[in-house]
Amino acid sequence: MQGAAITAVALALLFAGGAVTVASADRDEAPATPVSASADAGFARDMAVHHQQAVEMSFIVRDRTKDEAVRRLAYDIANTQANQRGMMLGWLDLWGLPKVESGVEPMSWMGMGGSGDTGPLDGALMPGMATKTQIEELRKASGREAEVLYLKLMTEHHRGGVHMAEGCVRKCAVGAERALAQGMVDAQKSEMLLMADMLKERGA
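Quick notes on the rules
- Residues numbered from 1 in each chain as written.
- Predicted model: local features only at pLDDT ≥ 70, side-chain atom pairs only at ≥ 80, totals over all residues.
- Heavy atoms only, no water.
- Helix = DSSP H or I, 4+ residues; strand = E, 2+ residues; numbered from the N terminus.
- Buried < 20%, exposed > 50% of the residue type's maximum accessible area, 1.4 Å probe, protein only.
- Contact = heavy atoms within 4.5 Å.
- Areas by Shrake-Rupley, 256 points an atom, 1.4 Å probe, with all protein chains shown as cover.
- Expected span 1.5 Å × (residues − 1).
- Core = buried A, V, L, I, M, F, W, Y, C linked by side-chain atoms within 4.5 Å.
- Salt bridge = Lys/Arg side-chain N within 4 Å of Asp/Glu carboxyl O.

K.L.:
Before we go on, may I ask you to explain the overall build of the chain in this structure?
P.N.:
Within the chain one finds 7 helices and 0 strands. Along its sequence from the N terminus, the chain presents helices and strands in the succession α-α-α-α-α-α-α. Per-residue burial for the chain yields a buried fraction of 39% across its 204 residues. Taking the contacts inside the chain whose residues are at least 6 apart along the sequence as the reference set, 75% of them involve residues at least 24 apart. Counting every atom, the chain has about 11,100 Å² of accessible surface; 58% of that belongs to carbon and sulfur.

Right, dumping it as structure tokens:
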């Protein structure tokens with residue numbers, strides 16, 4: 001009986017050791033929380049800023065035209081990008097990372113040197129972003145002029161956003177973030193085609 005008890009204890013310890021090994025392996029396979037210098041964090045920060053301007057421009061044009069097609073597009077873009085922005089800022093909170101990191105130039109997570117590579121002027125921090133002057137022009141425009149300006153600015157904005165999102169698809173480690181980025185690529189490319197048609201309808 002004593003020998004059987006010793007054997008049982010030995011087997012229990014063996015199985016316990018195996019369970020610890022499996023649990024350790026599971027932790028090793030699980031993705032680590034992104035660090036501040038990662039592509040995941042950089043994309044979340046930069047795209048949150050990029051999205052915020054798209055939301056701003058969409059609200060501006062909504063009040064500067066009565067055209068239902070443009071107002072509907074602006075509403076869709078504002079709603080979608082505000083929700084996506086909330087998700088990205090939420091991830092930064094979840095990861096315990098700052099939403100703004102001083103001393104780090106935009107797009108550095110993509111291997112780009114910020115202003116030296118993208119050449120932002122007049123407040124345009126990243127590719128596709130409108131300048132302060134262009135935003136003011138949109139605020140002052142109305143009717144067809146506002147519609148055309150918005151569609152042109154948003155087309156460029158989407159082009160820059162697609163470039164960034166494709167970078168995350170290649171570089172980000174978090175699966176949910178890569179999936180969101182791919183969704184941005186697909187949706188914004190589709191909207192760019194729609195906006196091209198809308199510009200043609202307006203003779204622009």
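K.L.:
Looking at this model, I keep getting lost on helix α7 (residues 175–201). Mind explaining?
P.N.:
Count 3.6 residues to each turn of an α-helix, and residues three or four apart come out pointing the same way. Its 27 residues give α7 an end-to-end C-alpha distance of 39 Å, which sits within 8% of 39 Å, the value for a rise of 1.5 Å per residue. The set of residues buried in α7 consists of Glu177, Leu180, Ala181, Met184, Val185, Gln188, Glu191, Met192, Met195, Met198 and Leu199. Contact partners of the buried residues in α7: α2 (39–62), α3 (68–95) and α6 (143–171). Following α7 by one or two positions, Gly203 adopts a phi angle in the positive range, close to 65°.

K.L.:
Quick question: what am I supposed to make of unusual backbone geometry here?
P.N.:
Of all residues except glycine, most have a negative phi; of all peptide bonds, most are trans. Its identity is not glycine, yet Met107 carries a phi of approximately 75°, on the positive side. Tracing the backbone shows Met107 in the loop between α3 and α4 (115–118). Among the residues examined, Met107 registers a relative accessible area of 0% and is labelled buried.

K.L.:
What's the story with the nonpolar core in this structure? I'm lost.
P.N.:
Buried together is how nonpolar side chains tend to be arranged in soluble globular proteins. By size, the foremost hydrophobic cluster in this structure holds 51 residues, and its most contacted members are Phe43, Met57, Met88 and Tyr150. Within the residue set of this core, elements represented by two or more residues are α2, α3, α5 (132–140), α6 and α7. Counting residues per element, this core draws most heavily on α6, at 11 residues. Apart from residues no more than four positions distant in its own chain, Tyr150 is found in contact with Met57, Ser58, Val61, Val70, Leu73, Ala74, Ile77 and Leu138.

K.L.:
How should the environment of Ala69 be read in this particular structure?
P.N.:
Within the fold, Ala69 resides in helix α3. Separated by 129 residues in sequence, Ala69 and Met198 have C-alpha atoms that sit 8.6 Å apart. Leaving out residues up to four positions away in the same chain, Ala69 has contacts with Met198 and Arg202.

K.L.:
Would you mind showing me how to read the pattern of salt bridges here?
P.N.:
Oppositely charged side chains can pair when the atoms bearing their charge come close. Counted by the stated rule, this structure contains 11 salt bridges. Of the charged contacts in the structure, one is a salt bridge between Arg139 and Glu56, with a shortest N-O distance of 2.7 Å. In this pair, Arg139 sits in helix α5 while Glu56 sits in helix α2, placing the two residues 83 residues apart along the sequence. Arg139 gets classed as partly exposed once you look at its relative accessible area, which sits at 37%. In this structure, the salt-bridge partner of Lys99 is Asp93, at a minimum N-O distance of 2.5 Å. We classify Lys99 as partly exposed; its relative accessible area is 37%.

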